[in-house]
Amino acid sequence: MITNSFYVCKYWKNGGPASVMSASGSSEAFSIDVSGVDIYLAGYYQSNSSSGRATYWKSWIPVYLTNGVEDAVVRKILVVNKKE
């Protein structure tokens, strides 16, 4: 979803949208997986002053895999040994 010229990463939960990041930069997810109550998304986050950072989110908390010097993205996430 684009908000004020930013992509805002969202997924649908219980029939409505849930934002993963604020609109302070662009974020987009390409993959989602669930383990117990934890939701994992894979994609990127880009602030105004950096290139896209490969990022995954675990229950809304971002984990940056790159430093934003060059564009990078995570295309797929898969949780093994899932919790029930």
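This section reports on the structure supplied with the text. (Residues numbered from 1 in each chain as written. Predicted model: local features only at pLDDT ≥ 70, side-chain atom pairs only at ≥ 80, totals over all residues. Heavy atoms only, no water.)

### Concerning the overall build of the chain
Within the chain one finds zero helices and eight strands. At 13 Å, the chain has a C-alpha radius of gyration in line with the 12 Å of a compact globule built from 84 residues. Reported as C-alpha extents along the three principal axes, the dimensions of the chain are approximately 40 × 25 × 15 Å. Per-residue burial for the chain yields a buried fraction of 39% across its 84 residues. (Helix = DSSP H or I, 4+ residues; strand = E, 2+ residues; numbered from the N terminus. Rg over C-alpha atoms; globule rule 2.2 N^0.38 Å. Buried < 20%, exposed > 50% of the residue type's maximum accessible area, 1.4 Å probe, protein only.)

### With respect to the pattern of salt bridges
Opposite charge on two side chains allows them to pair when their charged atoms are near. Per the counting criterion, the structure on display carries two salt bridges. Where Lys 82 meets Asp 33, a salt bridge forms, and the shortest distance between an N and an O atom there is 2.6 Å. With a gap of 49 residues between them, Lys 82 in the segment after strand E8 (61-64) and Asp 33 in strand E5 (residues 26-35) connect regions that are remote in the sequence. According to the relative accessible area criterion, Asp 33 is buried, its value standing at 10%. Between Asp 38 and Lys 58 there is a salt bridge, with its nearest N and O atoms 3.9 Å apart. With a gap of 20 residues between them, Asp 38 in strand E6 (residues 38-46) and Lys 58 in strand E7 (residues 53-58) connect regions that are remote in the sequence. (Salt bridge = Lys/Arg side-chain N within 4 Å of Asp/Glu carboxyl O.)

### Concerning the sheet that holds E8
Across the sheet, which stays open at both edges, the four strands sit in the order E5-E6-E7-E8 with antiparallel pairing between neighbours. Each edge of the sheet is formed by a strand with only one pairing partner; in this case those strands are E5 and E8. Each strand of the sheet is rotated relative to its neighbour by a mean of 25°, with strand direction disregarded. Direction of pairing for E5 relative to E6: antiparallel, over a ladder of nine bridges. Within E6, the position partnered with Ser 26 by the bridge is Gln 46. (Pairing = 2+ DSSP bridges. Axes fitted to C-alpha atoms, helices over the stretch in contact; angles between N-to-C directions.)

### A word on the packing of aromatic side chains
According to the stated counting rule, one finds three aromatic pairs in the structure shown. An angle of 50° between the planes, with centres 6.1 Å apart, marks the rings of Tyr 45 and Tyr 64 as tilted. Residue Tyr 45 is located in strand E6, and its partner Tyr 64 is located in strand E8; the two are separated by 19 residues in the primary sequence. A relative accessible area of 9% places Tyr 45 in the buried class. (Phe/Tyr/Trp six-rings, centres within 6.5 Å; stacked < 30°, edge-to-face > 60°.)

### Looking at the pairing of strand E4 (residues 16-19)
As defined by bridge partners, strand E3 (residues 10-13) adjoins E4 across four bridges and the pair is classed as antiparallel. Bridge pairing in E4 links Lys 13 to Gly 16. Taken together, E3 and the strand that follows it, E4, pair antiparallel across an intervening segment of two residues, in which Asn 14 is found at a positive phi of about 55°.

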